[in-house]
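Here's the letter readout for the chains.
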Amino acid sequence: MIEALRELARRLLAEERVRVVIGYGQSSPQGPVHPLFITRAEDAEQLVWNRQCFSNLTAYLTRKDVRALGPAAVVVKGCDERTITVLEKEAQLERERVFVVGMVCEGMGDPGLPKCQVCDRHRPRLADETLGEAVDREVPALERYAALEAFLARPAEQRMAYWQEELARCVKCYACRQVCPLCYCERCIVDKNRPAVIDTSATLKGNFAWHITRAFHLAGRCVACGECARVCPVGIDLTLLNQSLARAAEEAYGFRAGEDPRVEPLVGSWSPQDREDFIR
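Conventions used here
Throughout, residues of each chain are indexed from 1 in the direction in which the sequence is written. This being a predicted model, a pLDDT of at least 70 is required before a residue's local features are given, and a value of 80 or more before pairs of side-chain atoms are given or counted; all residues contribute to the totals for chains, interfaces and linings. Where side-chain values are given, they derive from all heavy atoms of the structure, hydrogens and water being excluded. Buried, partly exposed and exposed residues are distinguished by accessible area as a fraction of the type maximum, computed with a 1.4 Å probe on protein chains only: under 20%, between the cut-offs, and over 50%, respectively. For the purposes of this entry, the term helix denotes a DSSP run of H or I that reaches at least four residues, the term strand denotes a run of E that reaches at least two, and both are numbered from the N terminus. Two strands are counted as paired when DSSP detects at least two bridges linking them. Convention adopted: a line fitted to C-alpha atoms gives each axis, helices being fitted over their contacting stretch, and angles between N-to-C directions are expressed from 0 to 180 degrees. With strands facing away from the observer, any crossover in which the path from the first strand over the helix to the second runs clockwise is taken as right-handed. To estimate how far a helix should reach, multiply one less than its number of residues by 1.5 Å. What the arc covers is the set of directions going from the helix axis to the C-beta atoms. The contact criterion used is simple: two residues touch if any of their non-hydrogen atoms lie within 4.5 Å.

Colleague: Just checking my understanding: could you explain helix 3 (residues 78-89) for this structure?
Modeller: The α-helix advances 3.6 residues per turn, and as a result positions three or four apart in sequence lie on the same side. Where burial is concerned, most of helix 3 is hidden: 10 out of the 12 residues are buried. Within helix 3, the full set of buried residues consists of Gly-78, Cys-79, Asp-80, Glu-81, Arg-82, Thr-83, Ile-84, Thr-85, Val-86 and Leu-87. The first or second residue beyond helix 3 is Ala-91, which carries a positive phi of 60 degrees.

Below you can see the structure in the form of structure tokens.
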């Protein structure tokens, strides 16, 4: 599959269908996999594909310096692909200027990340060209949200104690924001200091405010790529926060972010058939 990817990248650049290919590179066989930007057809040999290709590369599509390069090709997994739909619906990219290379994926990591174990999108469905063979499996919501269910079964005081312990470790580095493909605001709310909306110090109060605010900003948008939890330098697992809002959207509206480009975004659209039992 790697040779097919390299050949496709060479062809896209040689034919000038794109100006840059955003994929994965690796400096040495044992070194970490990192994002790679290819602008010359002869450099396509640098592209790699293996179980260490964690990054959601769609995060780069909204960067000014990347957009300035011209039309881009981006390598995506099934979970990453959903971001393309969200970004297009939010007018953050022009789909015709992005060539999506879908890579069939059986899971990242060894033996596999938790999110990969309940993934139901092993084969990208909306890519311009898909490489590899795999069959998607149906994963019921009960299984996809099993970790959240187990957490919510705890008493409220235990859940609060858990988050106090977790968020007390946050150093406000904002790695979760920087890696998220849907945190694309040029000026984040935490950067506003006149007036200061969220305490910029790494206090427990400020940390709670930051992470809850960010989770709500991703409501109906998060595609569960898991990058925020993966890059956290102190190991805070933000998955439960994101899952709680994703499950609410799915249960109340039958909506999963980025699944269908024909469906309007959850936030900003309305239907007479929407449930209203949450209104008090």
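Colleague: Honestly, the sheet that holds strand 3 (residues 72-76) in this entry has me stumped. Any pointers?
Modeller: Two strands in a sheet stick together by hydrogen bonds in their backbones, pointing the same way (parallel) or opposite ways (antiparallel). Taken in spatial order, the five strands of this open sheet run 2-1-3-4-5, and their pairing is mixed. A single partner strand is all that each edge strand has here, and the edge strands are strand 2 (33-38) and strand 5 (129-131). Strand-to-strand twist in this sheet, taken as the mean axis angle between neighbours without regard to direction, amounts to 30 degrees. Pairing of strand 1 (residues 20-26) with strand 3 involves three bridges; the strand directions are parallel. Looking across to strand 3, one finds that Ile-22 is bridged to Val-74.

Colleague: Can you help me understand the environment of Glu-42 in this one?
Modeller: With respect to the helices and strands, the residue Glu-42 is situated in the loop between strand 2 and helix 2 (64-67). By relative accessible area, Glu-42 is classed as exposed at 55%. Taking the C-alpha atoms as reference, Glu-42 lies 9.0 Å from Ala-14; in sequence the two are 28 residues apart.

Colleague: Which parts of the structure should I look at to understand the pairing of strand 4 (residues 98-103)?
Modeller: Consecutive residues of a regular strand have side chains that alternate between opposite faces of the sheet. Burial of strand 4 is extensive: six of the six residues sit out of reach of the surface. The alternating pattern of strand 4 places Val-98, Val-100 and Gly-102 and Phe-99, Val-101 and Met-103 on opposite faces, both of which are buried. Pairing geometry for strand 3 and strand 4, over five bridges, is parallel. Considered in strand 4, the bridge of Val-74 is made with Val-100. Crossover strand 3 to strand 4 through helix 3 is right-handed. As paired strands, strand 4 and strand 5 are joined by three bridges and run parallel to one another. The residue of strand 5 that forms the bridge with Met-103 is Leu-131.

Colleague: Hey, could you run me through helix 1 (residues 2-14) in this one?
Modeller: When the terminal C-alpha atoms of helix 1 are compared, their 18 Å separation across 13 residues agrees well with the 18 Å that a helix rising 1.5 Å per residue should span. Among the residues of helix 1, those classed as buried are Leu-5, Arg-6, Leu-8, Ala-9, Leu-12 and Leu-13. For helix 1, the arc enclosing every buried residue in end-on projection is 160 degrees, short of the 170-degree limit, so these residues lie on one face. Residues of helix 1 that are buried in the fold lie against strand 1, strand 2, strand 3, strand 4 and strand 5. With its phi angle positive at about 60 degrees, Glu-16 sits one or two positions after the end of helix 1.

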